[in-house]
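Residue-level listing of the chains:
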Amino acid sequence: MKNPLKKLVRTIGTEDPLLLAHHPTCEYYSHHVIELYGRKCCMGCFIVYPVGLVSLFALVIFRLTVFSEQIANTTTLSLYLIGFLLVSPKVLLKLLPGQRTSWQRISTKATLAVGLAVVALPFVFRPSERVLTLCLFFGFLVPYVGYKAWTATDDCEGCPEVDDFPNCSGMSFDGTYTYSADDQDR
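Here is what the cut-offs are and how they apply
Residues numbered from 1 in each chain as written. Predicted model: local features only at pLDDT ≥ 70, side-chain atom pairs only at ≥ 80, totals over all residues. Heavy atoms only, no water. Helix = DSSP H or I, 4+ residues; strand = E, 2+ residues; numbered from the N terminus. Buried < 20%, exposed > 50% of the residue type's maximum accessible area, 1.4 Å probe, protein only. 1 Å grid on protein atoms, 1.4 Å probe; cavity = no way out; pocket = protein on both sides within 12 Å on 5 of 7 lines; lining within 4 Å. Points joined across faces, edges and corners; volume = space filled by probe spheres on them. Nonpolar A, V, L, I, M, F, W, Y, C, P; charged D, E, K, R; others polar. Polar contact = N/O pair within 3.5 Å; in protein donor to acceptor, adjacent residues only side chain to side chain. Contact = heavy atoms within 4.5 Å.

Which residues make up unusual backbone geometry, and what values do they have?
A positive phi is found at Tyr37, a non-glycine position, where the angle reads about 55°. Along the chain, Tyr37 falls in the loop between strand 1 (33–36) and strand 2 (39–42). On the basis of relative accessibility, which here comes to 28%, the residue Tyr37 falls in the partly exposed class.

I'd like a description of the layout of surface pockets, backed by residues and values.
Computed from the structure, the largest pocket encloses a volume of approximately 1300 Å³. If you go around the largest pocket, you meet 46 residues; those closest to its centre are Lys90, Lys94, Lys109, Tyr144 and Lys148. Among the secondary structure elements, those contributing two or more residues to the lining of the largest pocket are helix 2 (43–64), helix 4 (76–95), helix 5 (102–125) and helix 6 (130–150). Residue classes in the lining of the largest pocket are distributed as 27 nonpolar, 11 polar and eight charged.

Talk me through the side chain of His32; I want residue IDs and the actual numbers.
Inspection of the secondary structure puts His32 in the loop between helix 1 (4–15) and strand 1. A polar atom in the side chain of His32 sits 3.4 Å from the side chain of His31. Only 2.5 Å separates the side chain of His32 from the side chain of Asp155, close enough to count as a polar contact. Those residues in contact with His32 that lie beyond four places of it in its chain are His23, Cys41, Cys42, Met43, Arg105 and Asp155.

So, to be careful, I would describe these as geometric facts and stop short of saying anything about function.
Laid out in structure tokens, this is it:
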């Protein structure tokens, strides 16, 4: 059976690897990527977006079917609290110093995505809560992405080419990678 995702990932990875893994292609950034069908992909994008979309879709389906009454009777504030509780492990790990294992990074990115889906749910079914939901959603997302951008070069610490960033060899995006083999365990 043909796997269209595999074909898509391999084709994009061959023609424009920057679209799959937009992080420097060096050992200092190897913990930001996962391998999918033989191609390096951004761990954040390939975990957060699919998990978030599937979670929101599942919550909408549950709200329309099996758990209709339970979700409908859950207060908006409760949904926000549940969502932010699911987001909190990622935020806490981001604030703590040191490296995380791949499992820790993947699991906290997944809970982040589920949490954001729970926070976004009132936007779908509660028109009177849409403005507040958007404010909370983007009120979290904008500072979080800003923090990630602000600390993006922290991983360059110890690199002999740190002063050359962004013109270092890790920013070549030519499809070659210098990740060390043991970095998948970090």
